[in-house]
Amino acid sequence: MADAGDEGPKRSRAIAPAAAKPGLSGIGAALAPAMSASLLSRLFNWTRSGVGPRLLAAVLLFSSVVTLTLTGLQLYLDYDREVALIETRLDEIGRSTTGSLGESLWNLDQNQLKLQLDGILRLPDIRAAEVREIADRPNPIRIAVGEPGTRSIVTRDYPLNTNVQGTSRPIGVLHVEATLSEVYQHLLNRTLVILASQAAKTFLVSLFIIYMFHLLVTRHLVAIAEFVSKYSLARPPPPLRLERRPPYDADELDKVIEAFNAMCANLERAYGELREANANLERDLIIRRRAEEEARASEERFRDYAETASDWFWETGPDHCFTYLSDRVIAFGMDPKVRIGTRRVDTALDRETEPEKWRAHLATLDRHEPFRKFEYRGRDTTGRMHHFSVNGKPVFDADGRFTGYRGSATDLTSQHETEERLRQAQKMDAIGQLTGGVAHDFNNVLTVITGTIEIIRDELADKPELAAIAQLIDDAAARGAEITSQLLTFARRQPLEPREIDVNALVVETAKLLKPILGEHIEIDTRLADDVWSAMADPSQLSSAIVNLAVNARDAMPGGGRLTLETANRELDGMSSSGDGMGRAGDGDVLRGAFVMVAVSDTGHGIPADIRERVFEPFFTTKDVGRGTGLGLSMVYGFARQTGGTVAIESEEGQGTVMRLFLPRSKGEAPAKSAPVQPLATARGHETILVVEDDPLVQGYVIAQLGSLGYRTLVAGDGASALALVDQGARFDLLFTDIIMPGGMNGRELADAVRLRRPGVRVLFTSGYTDDTIVHEGHLDPGVALLGKPYRKSELSEKIREVLAGDPPA
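So, how was this worked out
- Residues numbered from 1 in each chain as written.
- Predicted model: local features only at pLDDT ≥ 70, side-chain atom pairs only at ≥ 80, totals over all residues.
- Heavy atoms only, no water.
- Helix = DSSP H or I, 4+ residues; strand = E, 2+ residues; numbered from the N terminus.
- Buried < 20%, exposed > 50% of the residue type's maximum accessible area, 1.4 Å probe, protein only.
- Contact = heavy atoms within 4.5 Å.
- Axes fitted to C-alpha atoms, helices over the stretch in contact; angles between N-to-C directions.
- Parallel < 35°, antiparallel > 145°, perpendicular 65-115°, else oblique.
- Nonpolar A, V, L, I, M, F, W, Y, C, P; charged D, E, K, R; others polar.
- Pairing = 2+ DSSP bridges.
- Expected span 1.5 Å × (residues − 1).
- Arc of directions from axis to C-beta.
- Polar contact = N/O pair within 3.5 Å; in protein donor to acceptor, adjacent residues only side chain to side chain.
- Phe/Tyr/Trp six-rings, centres within 6.5 Å; stacked < 30°, edge-to-face > 60°.
- Lys NZ or Arg CZ within 6 Å of the ring centre and 35° of its normal.

Enquirer: Please give an account of the overall build of the protein that cites residues and values.
Expert: Looking only at helices and strands, one finds 17 helices and 24 strands in the protein. Within the protein, buried positions represent 41% of all 810 residues. At a minimum sequence separation of 6, the contacts of the protein that also span at least 24 residues come to 68%.

Take a look at the structure:
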């Protein structure tokens, strides 16, 4: 029991710093009235009035900080000593009383426990004591004396044990509380005494210091300030003297006065020199102001030139990185802030394709030589490609050190685009001329082949094997005619017969034709606008264009997919005929107005970006040999442009392709419904026809076919021979003439000459290539009937009956 206090009692000390807070807060409360806001404000304003008050404030502040620090340290040491005494007393209670208390608790002697606790309570600083029994029974013993507290206390809990058969057994707990209130009160009284004494001492010392500082320093500083404030170089006063009682040794103030009087003398001497210097400076300022005005005018002149010039100006450093770009560069789609710090070669697109040119240019830069008209290609901030022409001159400083280049740049993009359009137009014209020549001769041959095969096939109807061979020849001739037609369409020399058409109805009819062509693995979907306008176009050519686009879409979906046919109305305002970044590059015409859009979309593999601009070129194809001529999309483009519209591409690899045809809106209100195609019947007649054909093979074929149809024929090989027959009085009901003929007279000129002689004569033209005689802007002239080569017997008979049955020309 005597050792119970040494077995690790549960200690619970009140937090020492927090315990000191009530006392310290009490000190603050006691000093608060002396440190009110108004006093601080007045004190602060007074300390700003001069050096002396500031010195006094500094001494007081420093002394207060030192006093408070030392006082706080002393109070902490006293507090720690007092608390240590209390803890020692509590430890003594634990050693001396736990044994007897444990024995009384074991004997359940509550009176004895009460007497013992009263004895503990009489000890200094002990506020409360309590014994609690630890027992598994109702109403265990609990005896408490004193008044327990919640603040400023130190507590101890001591176990109460008893020995039972040599074994220590816990039977209760002794809880003791000691108060720190007396400690705090003692510390507060001590603090007040220390602060009061130190404050009085500090204030008296500070007053003495400020008095001595005023006597020795500040009054003389005031005299110096008055002298300086009244000093005038124009009327200098006598040297400064301080009023000081002799005898005294010279000090720092005397040295200041001597230095100040010497400075005044120097100022007086320099004043004259300053006036002369001011006069010179005024003259220099006038010269400098004039030079600055000239420099400003020159700079403004350069800025005006730079902002209004068609070119832009640039500068580079010795590393050839741009350090300056005039604002004019913004007009060409470039950001000066982005280009500053980069080199010309960093943004060039042709440094890999034209390495020799760039090596020579970089060598010129390294040799610090001037250069002119160096052309290269680059992109602006939007990604558009530009052609640039650059002039540059090296710049050297006064020491001859190379500091960079300075020069100008010109955007040649429009010039290059114009040249490209000119080359494209020349290429188109050359292709058109070549196509026309080939088409004229080839269609003459195909006309004979087609007509002859019809005759042979009719004669071989009872011989299936030979009839099959004749059919192959017929199919080959038809394929040749289709290729020739595609060439003419791309070259925009295919005669069109545009009329108002119901685009939705034509798309629906064409979709029915596509089902067997595309196959079962392609799903066809139509999205037709209900309010779509009527379009002005050749319905057969439009249907053929949709089929060509659908076939290309099918080839892009070898594993199957969805083909979507869509129609819509579009108002175009300034769209390029090359499409706005998506269409055919070449013509560059601007389209405006109302158009009907026919879109063909697929879910195929898409068109790679590097070949997207070439898909409309004739004979360009990505298909294997024998799987395409490369004329399908060329025909579509030629048809669209000849009709007065355009075609645009939108494609992304792996996502599919959208081909959009834009056709001009018809001015009429009611579109013509496309009548279902009826098989052509072979119509016969008995009229006389004047046949004018220069090709002997075609001439013989036509005479034979017309004879088999019951017509009488007159024949001429050129225009002069035909006019001779007319002048001789030959009678005929129809002039059937080729357009392209030798002898200096074409078919149109022959027809005009015949009509002068015989007004009202009916004329039927035929040709495999019309040139510009009866077709203008892709459209047949009004009142002109044309039978294109090659043609079949049924088409010949039908067209002749149509012309003979029609109204005679005016």
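Enquirer: Describe the packing of helix H15 (residues 719-727) against helix H16 (residues 747-757), naming the residues involved and giving the relevant values.
Expert: Closest axis-to-axis distance for the H15/H16 pair is 10 Å, and the angle between their directions is 10°. Considered as vectors, H15 and H16 are oriented roughly parallel to each other. Of the residues in H16, those in contact with Gly719, Ala722, Leu723, Val726 and Asp727 of H15 are Leu750, Ala753, Val754 and Arg757. Partitioning the contact of H15 with H16 into residue classes produces six nonpolar, one polar and two charged.

Enquirer: Talk me through the sheet that holds strand E6 (residues 312-316); I want residue IDs and the actual numbers.
Expert: Strand order in the open sheet formed by five strands is E7-E6-E10-E9-E8, and the pairing between neighbours is antiparallel. Pairing within the sheet leaves two strands with one partner each, and these edge strands are strand E7 (322-325) and strand E8 (371-379). Pairwise comparison of adjacent strand axes, ignoring direction, gives a mean angle of 30° for this sheet. Note: E6 against E7, three bridges, orientation antiparallel. Of the residues in E7, the one forming a bridge with Trp314 is Leu325.

Enquirer: An account of helix H4 (residues 110-121) is needed here, citing residue identities and associated values.
Expert: The first and last C-alpha atoms of H4 sit 16 Å apart over twelve residues, in line with the 16 Å expected at 1.5 Å per residue. Those residues of H4 that sit buried are Leu113, Gln116, Leu117 and Ile120. Taken down its axis, H4 places every buried residue within 100° of arc, on the same side. H4 presents Asn111 and Leu115 as exposed residues on the side facing more than 90 degrees away from its buried surface. With a side-chain oxygen positioned 3.4 Å from the backbone nitrogen of Asn111, the residue opening H4 is Asp109.

Enquirer: Break down the sheet that holds strand E20 (residues 734-738) for me, with residues and values.
Expert: Either a parallel or an antiparallel arrangement is found when strands of a sheet pair, and the pairing is made through backbone hydrogen bonds. Taken together, five strands build an open sheet; the order of strands is E19-E18-E20-E21-E24 and the sheet is parallel. Only two strands of the sheet have a single partner each, and these edge strands are strand E19 (712-716) and strand E24 (786-788). Recorded for the sheet is a direction-independent mean angle of 20° between the axes of neighbouring strands. The strands touched by helix H14 (residues 696-708) within the sheet are strand E18 (688-692), E19 and E20, with E19 carrying the most contacts at an inclination of about 165°. Where H15 meets the sheet, it contacts E18 and E19, and its direction lies at approximately 150° from that of E18.

Enquirer: Kindly report on the packing of aromatic side chains, identifying the contributing residues and their values.
Expert: Under the defined criterion, the tally for this structure stands at eleven aromatic pairs. Plain terms: the ring middles of Tyr79 and Tyr184 are 6.2 Å apart, the flat faces sit at 10° to each other, and that makes the pair stacked. Residue Tyr79 is located in helix H3 (residues 51-106), and its partner Tyr184 is located in helix H5 (residues 181-230); the two are separated by 105 residues in the primary sequence. Here Tyr79 and Tyr184 have matching classes, each one buried. On the numbers, 6.2 Å between centres and 85° between planes, the contact of Trp314 with Phe322 is edge-to-face. Side by side, Trp314 and Phe322 carry an identical accessibility label, which is buried. Among the aromatic residues, those joined into a cluster by ring pairs are Trp314, Phe322, Phe371, Phe396, Phe402 and Tyr405. Positioned above the aromatic ring of Trp314, the side-chain terminus of Arg344 is 4.7 Å from the ring centre. In this arrangement the basic side chain of Arg665 is found over the ring face of Trp533, its NZ or CZ atom lying 4.1 Å from the centre.

Enquirer: With reference to specific residues and values, describe the environment of Thr71.
Expert: Position of Thr71 relative to the elements: it lies in helix H3. Along the sequence, Thr71 and Ile194 sit 123 residues apart, while their C-alpha atoms lie 7.2 Å from each other. Once you skip the residues sitting within four places of it in the chain, Thr71 turns out to touch Thr191, Ile194 and Leu195.

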